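Here are the chains, one letter per residue:
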Amino acid sequence: MIPTVSVVLATYNYGRYLAGALDSALGQTFGDLEIIVIDDGSTDETQQVMRLYLTNPRVRYFGTDHCGQPAAKNTGIRLARAPLIAFLDADDLWLPTKLEKQVALFDANPNLGVIYSRRWLMDEQGRHLHFTQPPLPRGNVLEAMFRHNFICFSSAVVRRSALEEVGLFDTDLALAIDYDLWLRIARCYPFDYVDEPLVKYRTGHASLSRRTEERLKTAARIMARFLDEYGGRAALDSTVVRRAQAETYYEIALAIRSRSRWTSLPWYLRALWSAPNFGLAWQGLASLPLPETVRRGLRRALGRPPDWAVRPLECP
């Protein structure tokens with residue numbers, strides 16, 4: 001029997017979290033699913049953890065040489081049998097009704113390409129973190145997605161036909177692989193979401209949080225490629241494009257200035273070239289001669305939020 005949902009779980013050295021992720025998938029109120037675990041060459045306890053699940057007919061386990069997350073996820077997609085593909089990272093957890101509520105939305109609208117949801121945040125030990133998520137878009141989300149990736153990856157369910165049309169994850173990318181995919185799908189399909197947290201997203205433990213500069217520069221390259229190679233210029237208003245690029249360049253400048261103030265100068269200038277009226281970039285540029293301690297003190301004295309608070313929400 002072909003299941004309704006294939007859950008693709010690609011993991012690399014996350015054996016300490018893997019059982020929790022698998023239990024949250026197996027504990028779904030919607031049970032017509034298969035779980036495809038792609039072990040991307042793990043060297044930790046992943047194989048020992050998986051032995052406890054191999055007798056479950058809904059779990060399929062495949063070990064590969066270490067080839068990176070894009071290739072591992074693509075392997076899982078190719079092995080999947082269902083018309084709906086759900087993604088779950090090994091360090092995240094699903095709430096029990098997640099798939100039930102998302103499948104109902106797909107059934108109600110056969111045109112949808114992606115359905116996601118809100119999320120809870122938890123720390124490395126699984127403790128709940130306070131977090132307020134802003135309003136989220138649905139329908140034609142291309143402009144919103146071009147500005148920043150608002151989808152928590154482990155919340156996403158994708159229609160297989162959408163992947164067949166736009167392609168899988170780009171194996172040439174090391175970061176922001178979901179952002180690239182969502183842009184390509186949003187060019188062709190509407191999105192929807194369940195307006196409640198259905199995922200527990202673990203933060204604070206991964207190296208991704210320490211690679212902000214690299215991730216943002218990769219996002220800038222993805223944006224440029226989408227415009228030039230995937231029809232983005234025809235699909236997006238030029239004002240939206242310039243503003244989104246300016247915001248990304250500004251974020252790169254913020255990431256760089258924490259280690260090298262004057263190295264951030266070209267990125268402030270690129271932001272202002274894209275959007276000359278972008279006030280935050282002007283403020284950042286004007287503050288470059290000031291020592292960081294003085295600049296932060298002035299921000300506090302003026303009642304302004306810290307740099308991290310003005311960046312768009314991203315969920316890697």
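Residues numbered from 1 in each chain as written. Predicted model: local features only at pLDDT ≥ 70, side-chain atom pairs only at ≥ 80, totals over all residues. Heavy atoms only, no water.

A few words now on the side chain of S287. Topologically, S287 is positioned in helix α12 (residues 279-287). Of the residues examined, S287 reaches a relative accessible area of 10% and is grouped as buried. Polar side-chain contacts of S287 include one of 3.3 Å to the side chain of R257. For S287, the side chain forms a polar contact with the main-chain oxygen of G284, separated by 2.9 Å. (Helix = DSSP H or I, 4+ residues; strand = E, 2+ residues; numbered from the N terminus. Buried < 20%, exposed > 50% of the residue type's maximum accessible area, 1.4 Å probe, protein only. Polar contact = N/O pair within 3.5 Å; in protein donor to acceptor, adjacent residues only side chain to side chain.)

A few words now on the environment of R58. Inspection of the secondary structure assignment puts R58 in the loop between α2 (46-51) and β3 (59-64). R58 gets classed as partly exposed once you look at its relative accessible area, which sits at 25%. Separated by 26 residues in the primary sequence, R58 and D32 place their C-alpha atoms 8.9 Å from one another. Aside from chain neighbours lying at most four places away, what touches R58 is L26, G31, L33, E34 and I35. (Contact = heavy atoms within 4.5 Å.)

This next bit is on helix α8 (residues 212-229). With 18 residues, α8 should reach 26 Å at 1.5 Å per residue; the first-to-last C-alpha distance of 25 Å fits that figure. Among all positions in α8, only T212, E213, R215, L216, T218, A219, A220, I222, M223, F226 and L227 are buried. Positive backbone phi, at 80°, marks G231, one or two positions downstream of α8. (Expected span 1.5 Å × (residues − 1).)

This part covers helix α3 (residues 69-79). If you check which residues of α3 are buried, you get P70, A71, A72, K73, N74, G76 and I77. Of the surrounding secondary structure, the elements contacted by the buried residues of α3 are β1 (5-11), β2 (33-40), β4 (84-87), α6 (160-166) and α7 (177-186).

Let us look at the pairing of strand β6 (residues 114-122). Among the 9 residues in β6, 8 count as buried, and that is most of the element. Looking at chain direction, β6 and strand β8 (residues 157-159) are connected through 2 bridges and run antiparallel. Following the sheet pairing, V114 is matched in β8 by V158. Pairing of β6 with strand β9 (residues 191-202), which is carried by 9 bridges, proceeds in the parallel orientation. Within the sheet, the bridge partner assigned to V114 lies in β9 and is F191. Both β6 and strand β7 (residues 128-129) contribute to a ladder of 2 bridges, which runs antiparallel. Within the sheet, the bridge partner assigned to L121 lies in β7 and is L129. (Pairing = 2+ DSSP bridges.)

Position of L269 among the secondary structure elements: in helix α11 (residues 265-274). A residue is classified by how much of its surface remains accessible, and L269, at 44% relative accessible area, is partly exposed. Separated by 171 residues in the primary sequence, L269 and K98 place their C-alpha atoms 44 Å from one another.

Looking now at the pattern of salt bridges. Tallied over the entire structure, the rule returns 16 salt bridges. Here E247 and R243 are joined by a salt bridge, their closest N and O atoms 3.4 Å apart. Taken together, the residues E247 and R243, both in helix α10 (residues 238-257) and 4 residues apart, mark about one turn of the helix. The buried category is assigned to E247, whose relative accessible area is 9%. Given a relative accessible area of 32%, R243 falls into the partly exposed group. (Salt bridge = Lys/Arg side-chain N within 4 Å of Asp/Glu carboxyl O.)

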